[in-house]
Amino acid sequence: MNAEIVQRLIENSDNYSAELFGRFVNNEFGDATSSKLLSQYQRMLESEGLGSETAHAQSADSEDELLGSFFLPGATDDVFINYHPPFLNGWAHTHEFFELIYVNRGEAVDWIDGVEVNLKAGELCIHNPNAIHKILRMDPQTSLVVNVLLPVELFQRVFYSWLLENEELDRFFNSYLVSSDTNENYMAFHNTSQRVDTIMELLVEEFLRHENSSRFVMESTLAVLFGELLRTHKTDPLMRDLVSYILSNMGSVTLKGAADHFGYHPNYFPSVVRRHCNRTFWDLVTDLRIQRACNLLLHTNRTVEQISLEVGYRSTASLYEHFYQSLHMRPAEYRRKGRAVPKS
């Protein structure tokens, strides 16, 4: 991002941080939270490095939930962007929105569910609301980290069509609704193209405009950003093509038909799938059927019976069985839970 845009973002974020600090002083977050954050802020000032390694090492290691509707005004209604306040380094937390961590310059270590993700300039990581995370290390003298907060409803709406077609993005999104492997709680993008920085600059610039059309422009820019990220994200070619084939033939897919399509003998094809996809052919088909069912439950008013046929099950009982095995809840419960997210 060019220097002028970065400076405007810093000034805007500093104004926000000053307001936030005043809320700490007024104890709006409760005794324990306000005391913790004020202590970290004081250590940051004493370090004279605005968040040096010493300050990081002393950061709180408890887990707190930061609600966007209170902690970041507007975060649950619109896209919210600021640069990462150094005094929050090391504070593990969760929140109710998706968060995009972008390293504009320097480098940072993003800690998610116990996993350290090293990010260099131009790289980013996206967390879903389940992720327990914190910026573990970042030198604010040389680094600048930008936080982009995305409401769940916006993520659903803007990326709905991609959720139907991209297995990895779909699993990442749906995992926030159910108990899931923590590896599904984030997506890291390394070695990104220069276009990503250009798109981020356009996104930040539009956020700072605050015009009537800004929301539409930001949502469109986010779609372009994710398209660029998914274009450069490394995916096994066979797995990508196999997933596309299954999605296009969900109602009639067979092992023999898939093997013939990709030029393998039916007896050999299962071992090829397991090697590339780390699961059996039918496990992959079932996962894709359940993911498609999840999206249809959230975004359409089709009955469970109609959805069952659309995703390739000959009986509703089979959908119920596989759905419960995968998500430990029934389709109706999943629909209720998914549709309870805040609407902007």
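Preceding this paragraph is the structure being described.
Residues numbered from 1 in each chain as written. Predicted model: local features only at pLDDT ≥ 70, side-chain atom pairs only at ≥ 80, totals over all residues. Heavy atoms only, no water.

Asks: Give a description of the overall build of the protein that names residues and reports values.
Replies: Helix and strand counts for the protein come out as 16 helices and ten strands. Within the protein, the proportion of its 344 residues that are buried is 52%. For the protein, restricting intrachain contacts to residue pairs at least 6 apart in sequence, the fraction spanning at least 24 positions comes to 73%. In the form shown here, the protein has an accessible surface area of approximately 16000 Å², with 49% of it arising from carbon and sulfur atoms. (Helix = DSSP H or I, 4+ residues; strand = E, 2+ residues; numbered from the N terminus. Buried < 20%, exposed > 50% of the residue type's maximum accessible area, 1.4 Å probe, protein only. Contact = heavy atoms within 4.5 Å. Areas by Shrake-Rupley, 256 points an atom, 1.4 Å probe, with all protein chains shown as cover.)

Asks: Tell me about the sheet that holds strand β4 (residues 98–105), and please be specific about residues and values.
Replies: The strands making up a sheet associate through backbone hydrogen bonding, with each pair oriented either parallel or antiparallel. Pairing within the open sheet is antiparallel, and its five strands lie in the order β2-β9-β4-β7-β10. Across the chains shown, the open sheet's two edge strands, defined by having one partner strand only, are β2 (80–83) and β10 (186–189). Each strand of the sheet is rotated relative to its neighbour by a mean of 15°, with strand direction disregarded. Of the pairings in the sheet, the one linking strand β7 (residues 124–127) to β10 comprises four bridges and is antiparallel in character. Within β10, the residue paired with L124 across the bridge is F189. In the packing of helix α9 (residues 214–232) onto the sheet, contacts are made with β4, β7, β9 (144–150) and β10, and the angle to β7 comes to roughly 115°. (Pairing = 2+ DSSP bridges. Axes fitted to C-alpha atoms, helices over the stretch in contact; angles between N-to-C directions.)

Asks: I'd love a proper account of unusual backbone geometry, names of residues and values included.
Replies: Backbone geometry at D113 places phi at a positive 50°, although glycine is not the residue there. Among the structural elements, D113 can be located in the loop between β5 (107–112) and β6 (115–120). Its identity as a non-glycine residue notwithstanding, N191 has a phi of 50°, on the positive side.

Asks: An account of the side chain of N82 is needed here, citing residue identities and associated values.
Replies: Within the secondary structure, N82 sits in strand β2. Non-local contacts of N82, meaning those with residues more than four positions away in its chain, are made with L9, S13, Y16, V145, V146 and N147.

Asks: If you had to explain the environment of F281 to someone new, which residues and values would you point to?
Replies: Mapped onto the elements, F281 comes out in helix α13 (residues 281–299). Overall, the relative accessible area of 3% leaves F281 in the buried class. Aside from chain neighbours lying at most four places away, what touches F281 is L242, I246, V253, T254, L255, A258, F269 and V273.

Asks: I'd like to hear about the environment of E201, residue by residue, with values.
Replies: Along the chain, E201 turns up in helix α8 (residues 194–209). Each C-alpha atom of the pair E201 and V6 lies 8.5 Å from the other, and the pair is 195 residues apart in sequence.

Asks: Give a description of the packing of helix α10 (residues 237–248) against helix α12 (residues 269–277) that names residues and reports values.
Replies: Remark: α10 packs on α12, axes separated minimally by 9 Å, with the N-to-C direction vectors making an angle of 115°. Taken together, the axis directions place α10 and α12 in an arrangement best described as roughly perpendicular. Considering how the two elements wind past one another, α10 and α12 form a crossing that is left-handed. In this structure, α10 uses L238, M239 and L242 to contact α12, whose residues at the interface are F269, V272, V273, H276 and C277. Considering only residue class, the contact of α10 with α12 consists of seven nonpolar, one polar and no charged. (Parallel < 35°, antiparallel > 145°, perpendicular 65-115°, else oblique. Left-handed = near helix turned anticlockwise from the far one by under 90°. Nonpolar A, V, L, I, M, F, W, Y, C, P; charged D, E, K, R; others polar.)

Asks: If you had to explain α12 to someone new, which residues and values would you point to?
Replies: For α12, the set of buried residues is F269, V272, V273 and C277. Buried positions in α12, seen along its axis, are confined to an arc of 100° and lie on one side of it. Immediately beyond the C-terminal end of α12, within one or two residues, lies N278, with a positive phi of roughly 60°. (Arc of directions from axis to C-beta.)

Asks: Account for the nonpolar core, with residues named and values stated.
Replies: I81, V148 and M200 are the most contacted members of the largest nonpolar core, which totals 39 residues. Looking at this core, the element that brings in the most residues is α8, giving seven residues. Not counting residues within four places of it along the chain, the set of residues in contact with I81 comprises L9, V146, N147, V148, L203, V204 and F207. (Core = buried A, V, L, I, M, F, W, Y, C linked by side-chain atoms within 4.5 Å.)

Asks: Explain the pattern of salt bridges to me, and be specific about the residues and the numbers.
Replies: For the structure on display, the rule yields nine salt bridges. With its nearest N and O atoms 2.9 Å apart, the salt bridge here joins D260 to K256. With a gap of four residues between them, D260 and K256 both fall in helix α11 (residues 255–262), about one helical turn apart. Residue classification places D260 among the partly exposed positions, given a relative accessible area of 44%. (Salt bridge = Lys/Arg side-chain N within 4 Å of Asp/Glu carboxyl O.)

Asks: So what's going on with the packing of aromatic side chains? Residues and values would help.
Replies: In this structure the tally under the stated criterion is eight aromatic pairs. Centre to centre, the rings of F281 and W282 are 5.0 Å apart; their planes meet at 80°, and the pair counts as edge-to-face. In textbook terms, an aromatic cluster arises when at least three aromatic residues are bridged by ring pairs, as seen for Y245, F262, Y264, Y268, F269, F281 and W282. Across from the ring centre of Y313, 5.2 Å away, lies the NZ or CZ of R289, which sits over that ring. (Phe/Tyr/Trp six-rings, centres within 6.5 Å; stacked < 30°, edge-to-face > 60°. Lys NZ or Arg CZ within 6 Å of the ring centre and 35° of its normal.)

Asks: Residues and numbers for the pairing of β9, please.
Replies: The buried count for β9 comes to seven of seven residues, which makes it a mostly enclosed element. Side chains L144, V146, V148 and L150 of β9 all project onto a buried face; the interleaved residues V145, N147 and L149 project onto the opposite face, where all are buried too.

Asks: Please give an account of the side chain of E206 that cites residues and values.
Replies: Tracing the chain through its elements places E206 in helix α8. Since its relative accessible area comes to 10%, E206 is described here as buried. If we skip the residues at most four places from it in the chain, E206 touches S214, V217 and M218.

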